[in-house]
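# Coordinate inspection notes
Listed below are the residues making up each chain.
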Amino acid sequence: MKTIPDILKKKEWIVIGLMSGTSADGMDAALVRISGSGTGMKVRQLAFESIPYPDEVRQEILRLASGTEGGSHDLALFSFFLGHISLQACRAVCDKAGLSPDEVDLIGSHGQTLWHIPVPESYLGYQLTATLQLGEPSVISEAFHCPVVSDFRVRDMAAGGQGAPLVPYSEFLLYRDDKQCVGLQNIGGIGNITVIPPHASLSDVFAFDTGPGNMLIDRAVELRTYGAERMDTDGHLAALGNVSAPLLQFLTQDPYLLQAPPKTTGREKYGQAYMDQLLERAKGLSLEDLSATLTAYTARTIDIAVREHCKPRPDKLIIGGGGSRNPTLLSMLRDMLPVPVLTNEDIGFDSDAKEAVAFAILAAECIHGTDNSVPRVTGARHPVVMGKITQ
Ligand SMILES: Nc1ncnc2c1ncn2[C@@H]1O[C@H](COP(=O)(O)OP(=O)(O)O)[C@@H](O)[C@H]1O
Ligand SMILES: [Mg+2]
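Note that the structure is predicted; figures quoted are calculated from it, not measured. (Residues numbered from 1 in each chain as written. Chains lettered and ligands numbered in written order. Predicted model: local features only at pLDDT ≥ 70, side-chain atom pairs only at ≥ 80, totals over all residues.)

### Some points on the overall build of the protein
Convention followed: Working definition: helices are DSSP H or I runs of at least four residues, strands are E runs of at least two. Numbering for both runs from the N terminus. Here the globule rule reads 2.2 Å times residues to the power 0.38, and the radius of gyration is calculated from C-alpha atoms. Working definition of burial: number of other C-beta atoms within 10 Å of the residue's own, with buried at 20 or more, exposed at 12 or fewer, and partly exposed in between, all C-beta atoms being placed from the backbone. Two residues qualify as a contact pair if the distance between their C-beta atoms, derived from the backbone, is within 7 Å.
A tally of regular secondary structure across the protein gives 15 helices and twelve strands. Taking 391 residues into account, the globule formula puts the C-alpha radius of gyration at 21 Å, and the protein, at 20 Å, falls close to it. In terms of its C-alpha atoms, the protein occupies a principal-axis envelope of roughly 60 × 50 × 50 Å. Across the 391 residues in the protein, those meeting the buried criterion constitute 50%. Contacts in the protein between residues far apart in sequence, at least 24 positions, make up 72% of those at least 6 positions apart.

### Let's talk about the site of ligand 1
This is how the line gets drawn: As a rule, any residue with its backbone-derived C-beta atom within 6 Å of a molecule or strand is reported as near that molecule or strand. Boundary definitions for the domains trace back to an automatic or database domain assignment.
Taken together, 19 residues are adjacent to ligand 1, and G21, G188, G189, N214 and G322 come closest. Shared between two domains, the shell around ligand 1 takes at least three residues from each, and those domains are domain 1 (4-167 + 353-390) and domain 2 (175-347).

### Quick look at the pairing of strand β3 (residues 42-52)
The criterion, for reference: Only strands joined by at least two bridges in the DSSP assignment are considered to pair.
Sheet topology note: the strand β2 (residues 26-35)/β3 ladder contains ten bridges and is antiparallel. Of the residues in β3, the one forming a bridge with A29 is E49. The turn linking β2 back onto β3 is made up of six residues, and G36 within it adopts a positive phi angle of 75 degrees.

### Focus: the nonpolar core
Rules: The nonpolar core is taken to be a set of buried Ala, Val, Leu, Ile, Met, Phe, Trp, Tyr and Cys residues joined by way of C-beta atoms within 7 Å.
Counting 94 residues, the largest nonpolar core has I107, A360 and A363 as the members making the most contacts within it. For this core, the leading source of residues is helix α14 (residues 354-368), giving eleven residues. Here this core gathers at least three residues from each of two domains, domain 1 (4-167 + 353-390) and domain 2 (175-347). When near neighbours in sequence (up to four residues on either side) are disregarded, A360 contacts V15, I16, G17, A30, V32, I34 and G108. Of all hydrophobic cores here, the second largest spans nine residues; its members include A24, Y53, I61 and F78.

### Some thoughts on the domain arrangement of the protein
Segmentation of the protein into domains returns domain 1 (4-167 + 353-390) and domain 2 (175-347). The C-alpha-based centres of domain 1 and domain 2 are spaced at 24 Å. Across the contact, 22 residues belong to domain 1 and 25 residues belong to domain 2. Listing elements by their share of the side of domain 1 that touches domain 2, those giving two or more residues are β4 (106-123), α14 and α15 (375-378). Sorting elements by how many residues they give to the side of domain 1 that touches domain 2 places β4 first, with four residues.

### Thoughts on the sheet that holds strand β9 (residues 206-212)
Using the following cut-off: Axis lines are fitted through C-alpha atoms, for helices just across the contact stretch, and the angle between N-to-C directions can take any value from 0 to 180 degrees.
The sheet built from five strands is open, its strands ordered β9-β8-β7-β10-β11 with mixed pairing. Of all strands in the sheet, those with a lone pairing partner are β9 and β11 (341-343), marking the two edges. Each strand axis lies, on average, 25 degrees off the axis of its neighbour in the sheet, ignoring direction. With six bridges connecting them, strand β7 (residues 182-187) and strand β8 (residues 190-196) associate as antiparallel partners.

### Notes on the pairing of β4
Examined bridge by bridge, strand β1 (residues 12-20) and β4 share five bridges and lie parallel to one another. Counted as the bridge partner of L18 is S109 from β4. Joining the antiparallel neighbours β4 and strand β5 (residues 126-134) is a turn of two residues, in which L124 adopts a positive phi near 50 degrees.

### Let's talk about the environment of L64
Position of L64 among the secondary structure elements: in helix α2 (residues 55-64). In this structure, the C-alpha to C-alpha distance between L64 and D105, residues 41 residues apart in sequence, is 32 Å. In this view, L64 contacts G70, D74, L75, F78 and L114; residues no more than four positions away in its chain are not counted.

### Observations regarding α14
Here is the rule we go by: Take the residue count of a helix, subtract one, and multiply by 1.5 Å to get its expected span.
With 15 residues, α14 extends 21 Å between its outermost C-alpha atoms, agreeing within 8% with the 21 Å of an ideal straight helix rising 1.5 Å per residue. One or two residues past the end of α14 sits G369, with phi positive at roughly 75 degrees.

### Comments concerning the packing of helix α7 (residues 215-224) against helix α12 (residues 287-309)
To keep things clear, this is the line we draw: With respect to orientation, any angle under 35 degrees is reported as roughly parallel, any angle over 145 as roughly antiparallel, any angle of 65 to 115 as roughly perpendicular, and every other angle as oblique. Crossing handedness: left-handed means the near helix sits turned counterclockwise from the far one by under a right angle, and right-handed means the same turn made clockwise.
At a minimum axis separation of 9 Å, α7 and α12 run at an interaxial angle of 170 degrees. On the basis of their axis angle, the class for α7 and α12 is roughly antiparallel. Crossing hand, α7 versus α12: right-handed. Counted together, L216, I217, A220, V221 and R224 of α7 and L287, L290, S291, L294, T295 and T298 of α12 form the full contact between these two elements.

### Thoughts on unusual backbone geometry
Residue P165 follows A164 across a cis peptide bond; omega there is -15 degrees. Mapped onto the secondary structure, P165 falls in the loop between α5 (153-158) and α6 (168-175). Cis geometry marks the peptide bond from P261 to P262, where omega comes out at 5 degrees. You will see that A24, though not glycine, has its phi angle at about 55 degrees, which is positive. On the secondary structure map, A24 appears in the loop between β1 and β2. A24 gets classed as buried once you count the C-beta atoms within 10 Å, which come to 22.

### Overview of the packing of α6 against α14
The line we're drawing: Three categories are distinguished: nonpolar for Ala, Val, Leu, Ile, Met, Phe, Trp, Tyr, Cys and Pro, charged for Asp, Glu, Lys and Arg, and polar for the others, with Gly belonging to the last.
Put simply, α6 and α14 touch, their axes get as near as 9 Å, and they point 95 degrees apart. In terms of orientation, α6 and α14 fall into the roughly perpendicular class. Along its contact with α6, which presents Y169, S170 and L173, the element α14 presents V357, A358, I361 and L362. Of the residues belonging to the contact of α6 with α14, the class tally is six nonpolar, one polar and no charged.

This is the structure we're talking about:
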């Protein structure tokens, strides 16, 4: 078993970052080489692999994330199950990099979010925020004989933060620029933007969730095709459809869009109940028109975020996450936005790996004892070292 003192003696670490996002599409693993800490950190991506979830796993995640189904028995089993899936992803990414598992020094695992309460709720006389990410880290540590850092969000929430978004820390380290204001828009199940002003220090960085990303498009396609399709692959359906102006206008009235940051959202808001209401309004629309409208809506949420909430306004917006693979969405963004729109690939980064890389970086900082949260972004009272260590 590698101990923390063992790792701290080494100059360079091999670290795996694991992420399973709101889309419940699969477990992503990025293998990176990391040296240093804070602004002195150097990161090199060596490999990326994603283990897609079979339909029954995705359905189970959506069931457990519904908030009303699945009790503690199912949650306990699911957590260990996802530990094993995490392990598979770690092994696969080691294979891809041509490394043996004992060369791995550290693993950072986000787990799967099943519930997130960013704004305090009354509970037994307390006003509480809370969050639940599962994917038992002990299962991973047992097989890889190295420390695993997990459960990042709770520490920020205990300090009064919303526990999200967490990627701005790694984005600051990787993308900051002396001359330009850099905007990074991730489009996963949910969309989130990070803005890094020129010459920024960490406290200048701001970020927030822009609203639904691919989540509504995915769900509409899944429901209207009776499960035959899970996404609008390459934006084909949306490209064939026409945007319904009344539906787009109705969706755009969502007060979340104009709410001032810090703000975070998730499946709790844009899940089944929201979708039922949306589909009721979209009854007469073809699947193509519905896809076009929801794709335009996603683009519009990002446009509103950039115009209303980004001061300073980014000089360019770099798109990451699965949405960067949807050309129809990209072209709508390019039409609407007041700034140039690029993908991570355009600037030599990897759209798919970006979030998994973030958790490798956050884990490394946790081991160094370096604050790895961005209080300006989460609304926390002060910076903290996020992550729990399992060894
Ligand atoms: N080729 C593609 N065409 C259109 N959409 C895609 C494509 N590939 C991925 N996506 C979208 O990206 C989503 C996954 O993105 P991801 O960044 O993994 O999100 P999350 O972090 O929520 O898991 C899919 O559910 C799908 O909506
Ligand atoms: Mg994903």
